[in-house]
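# Observations on the model geometry
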Number of protein chains: 2
Amino acid sequence: MKTDGVELGTGKSYAPVDGVNRGVSILDFILRIVAVLGTLGSAIAMGTTNETLPFVTQFIRFRAEYKDLPMFTFFVIANSIVCAYLVLSLPLSIFHILRSSAQRSRILLIFLDTAMLALLTAGASAAASIVYLAHKGNAKANWFAICQQFNSFCERASGSLIGSFGGVIMFILIILLSAVALSRR
Amino acid sequence: MKTDGVELGTGKSYAPVDGVNRGVSILDFILRIVAVLGTLGSAIAMGTTNETLPFVTQFIRFRAEYKDLPMFTFFVIANSIVCAYLVLSLPLSIFHILRSSAQRSRILLIFLDTAMLALLTAGASAAASIVYLAHKGNAKANWFAICQQFNSFCERASGSLIGSFGGVIMFILIILLSAVALSRR
């Protein structure tokens with residue numbers, strides 16, 4: 001597994017560069033880019049969707065956008081934060097490709113990745129529960145489905161969840177890869 | 001940091017037992033027990049709450065329980081699964097206290113912990129968004145707050161979120177500890 005024995009290690013033990021570790025770091029980099037695209041797409045899709053119905057009454061403007069529902073706002077914010085974090089983490093990911101045996105920066109990344117995973121999951125799940133309510137409503141609580149009226153708004157909001165949940169899966173894989181990279185040095 | 005040099009390591013490298021690693025594993029065990037209590041408490045608190053209002057009409061039974069809202073059902077199921085997983089992971093955690101240099105089982109645990117973190121966060125967040133709606137309602141979607149009527153149900157549901165979010169924080173710390181333990185062997 002050892003490539004050429006060049007000592008590039010940081011930290012206490014100057015272990016040789018590990019080819020498998022470099023492959024893991026490259027995969028980590030690719031997964032991060034996929035997650036960037038997923039979360040960015042989700043944030044934009046949810047953030048730009050709005051629908052105005054073609055009729056108006058005296059009291060109600062029939063217009064729906066993401067700001068009407070706090071959970072959708074949270075979804076957009078969570079996805080934006082996670083997307084920005086992922087972009088900022090890319091240089092560190094490149095650093096890991098170059099220096100496969102770096103340890104402390106990997107631990108830092110695992111910790112931040114885990115926190116961001118929790119944030120992204122919370123945003124995606126909160127939005128998903130509202131999307132579910134919007135589609136199905138809830139008879140017991142007297143909450144009616146609003147998707148009959150705001151059909152395209154609902155479809156767009158539902159679709160924007162995909163990128164976010166894809167990002168969650170990417171994060172789980174990224175954390176797994178980091179753990180594998182940490183275990184071999 | 002090395003205690004007495006007794007070789008108890010599993011896997012490829014038979015490294016000496018690491019005192020810090022043992023401490024990390026003990027802390028991991030304690031955090032898991034705290035998370036078990038948190039998720040168990042949340043599942044029971046949400047699962048047993050119900051409120052019947054002291055009046056009835058011909059058409060509506062004014063009774064609220066967690067099964068009325070799919071997100072609360074998901075919350076109970078997610079907390080139960082995570083709690084069961086945590087109990088099952090305790091023997092492995094004890095194994096890590098005894099054999100501080102185990103690697104593969106730690107990677108397996110990090111992966112499963114991360115997946116369970118995502119499940120628990122999703123459940124907690126979905127329930128939290130419904131609790132928010134129940135408290136505040138949403139004027140734009142014509143969803144009315146139901147907490148004026150079902151006051152004790154709402155309070156209990158809100159309170160049951162605490163254990164779940166506490167469990168999320170425990171999981172983040174557990175994953176961080178596992179990463180630290182993986183990096184030193």
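Conventions we followed
- Starting afresh in each chain, residues are numbered from 1 along the sequence in its written order.
- Labels are handed out in written order, letters beginning with A for the chains and numbers beginning with 1 for the ligands.
- With pLDDT at 70 or above as the cut-off, local features in this predicted model cover only qualifying residues; side-chain atom pairs require 80 or more to be listed or tallied, and sums for whole chains, interfaces and linings still use all residues.
- Note that water and hydrogens are dropped before the side-chain values are worked out from all heavy atoms of the structure.
- Under the DSSP-based scheme used, a helix requires at least four consecutive residues in state H or I and a strand at least two consecutive residues in state E, with every element numbered from the N terminus.
- Classification of residues uses two cut-offs on accessible area relative to the type maximum, computed with a 1.4 Å probe and protein chains only: under 20% is buried, over 50% is exposed, and between them is partly exposed.
- Whether two residues touch is decided by their heavy atoms; if any such pair falls within 4.5 Å, the residues are in contact.
- Method for areas: the Shrake-Rupley scheme with a 1.4 Å probe, in which residue coverage is limited to the protein chains shown.
- What counts as buried area is the accessible surface, traced by a 1.4 Å probe, that two parts surrender upon association, with contributions from both included.
- By definition, a salt bridge exists where a carboxyl oxygen of Asp or Glu is found within 4 Å of a side-chain nitrogen of Lys or Arg.
- The definition of a polar contact used here is a pair of N or O atoms within 3.5 Å, where within protein one atom must be able to donate a hydrogen and the other to accept one, and adjacent residues in sequence count solely through side-chain atom pairs.
- Least squares is the method for superposing the copies, and the C-alpha atoms it fits come from residues with pLDDT of at least 70 in both.
- Pairing of aromatic rings covers Phe, Tyr and Trp, the last counted by its six-membered ring, and requires centre-to-centre distances within 6.5 Å; plane angles under 30 degrees mean stacked, over 60 mean edge-to-face, and any other angle means tilted.
- A fitted line through C-alpha atoms serves as each axis, taken over the contacting stretch for helices, and the angle formed by two N-to-C directions is quoted from 0 to 180°.
- Any angle that is under 35 degrees is reported as roughly parallel, and any over 145 degrees as roughly antiparallel; angles of 65 to 115 degrees are reported as roughly perpendicular and all others as oblique.
- The hand of a helix crossing depends on one turn: near helix anticlockwise from the far one by less than a right angle means left-handed, and clockwise means right-handed.
- UniProt positions are given in the numbering used here, feature names are shortened, and annotations may be inferred rather than shown by experiment.

## What to know about the overall build of chain A
Looking only at helices and strands, chain A has four helices and four strands in total. Its helices and strands taken in sequence order, chain A reads β-β-α-β-β-α-α-α from the N to the C terminus. A burial count over chain A gives 51% of its 185 residues as buried. In chain A, the proportion of contacts linking residues at least 24 apart, taken out of those at least 6 apart, comes to 74%. In the structure as shown, chain A presents an accessible area of about 8,400 Å², 68% of it carried by carbon and sulfur atoms.

## Notes on the interface of chain B and chain A
Counting residues at the interface gives 40 residues for chain B and 40 residues for chain A. Counting the surface lost from both chain B and chain A, the interface buries some 3,600 Å², and carbon and sulfur atoms represent 72% of this. Considering only the surface of chain B that becomes buried against chain A, Lys140, Trp143 and Ser183 of chain B emerge as the three largest contributors, covering 17% of it. On inspection of chain B and its partner chain A, the count reaches two salt bridges. For the salt bridge of Asp68 of chain B with Lys140 of chain A, the shortest nitrogen-to-oxygen distance reads 3.0 Å. Counting across the interface, chain B meets chain A through eleven residue pairs in polar contact (both at pLDDT 80 or more).

## Points about the environment of Ile94 of chain A
With respect to the helices, strands and loops of the structure, Ile94 of chain A is situated in helix 2 (residues 70-98). The spacing of Ile94 of chain A and Ala139 of chain A is 45 residues in sequence and 52 Å in space, taken between C-alpha atoms.

## Here's the deal with the relation of the copies chain B and chain A
Mapping chain B onto chain A leaves a residual RMSD of 0.0 Å; the transformation is a rotation of 180 degrees accompanied by 0.0 Å of translation along its axis. What the superposition gives is, in effect, a two-fold axis relating one chain to the other. Counting the interface residues of chain B, we find that 100% of their copies in chain A are interface residues as well, pointing to one common contact surface.

## Re the packing of aromatic side chains
Across all of its chains, the model carries three aromatic pairs over all chains by this definition. Between Trp143 of chain A and Trp143 of chain B the ring centres are 6.4 Å apart and the planes differ by 40 degrees, which places this aromatic pair in the tilted class. Of this pair, Trp143 of chain A sits in the loop between helix 3 (104-136) and helix 4 (151-183) while Trp143 of chain B sits in the loop between helix 3 (104-136) and helix 4 (151-183), placing the two residues on different chains. Take Trp143 of chain B: its relative accessible area is 1%, and that puts it in the buried class.

## A closer look at the side chain of Thr121 of chain B
Topologically, Thr121 of chain B is positioned in helix 3. Residue Thr121 of chain B is classed as buried on the basis of its relative accessible area of 2%. Discounting residues that sit within four places of it in the chain, Thr121 of chain B has contacts with Ala118, Thr121 and Ala122 of chain A together with Val168 of chain B.

## Some details on the pattern of salt bridges
Residue and element names in this part refer to chain A. If you walk through the whole model with that rule in mind, you get six salt bridges over all chains. Asp113 is the partner of Arg32 in a salt bridge, and the nearest nitrogen-oxygen pair spans 2.9 Å. Placement of Arg32 in helix 1 (residues 19-48) and of Asp113 in helix 3 is noted, with a sequence separation of 81 residues between them. Taken together, the shared-partner salt bridges connect Asp28, Arg32 and Asp113 into one network.

## Remarks on the packing of helix 4 of chain A against helix 4 of chain B
Put simply, helix 4 of chain A and helix 4 of chain B touch, their axes get as near as 8 Å, and they point 25 degrees apart. In terms of orientation, helix 4 of chain A lies roughly parallel with respect to helix 4 of chain B. For the pair helix 4 of chain A and helix 4 of chain B, the sense of crossing is left-handed. Between helix 4 of chain A and helix 4 of chain B, the residues in contact are Ile175, Ala179, Leu182 and Ser183 of chain A and Ile175, Ala179, Leu182 and Ser183 of chain B, respectively.

## A look at the UniProt feature "transmembrane region" (unreviewed entry) in chain A
All names here are of chain A. The sites that carry the UniProt feature "transmembrane region" (unreviewed entry) are, in the present numbering, residues 29-49, 69-95, 107-134 and 161-182. Taken end to end, residues 69-95 is 96% helix and 0% strand, and its two terminal C-alpha atoms sit 40 Å from one another. What you have in residues 161-182 is 100% helix and 0% strand, and the ends, taken at the C-alpha atoms, are 32 Å apart.

## Remarks on unusual backbone geometry
Residues and elements named next belong to chain A. Here Asn142, not a glycine, exhibits a phi torsion of approximately 60 degrees, which is positive. Relative to the helices and strands, Asn142 is located in the loop between helix 3 and helix 4. By relative accessible area, which is 42% here, Asn142 ends up partly exposed.

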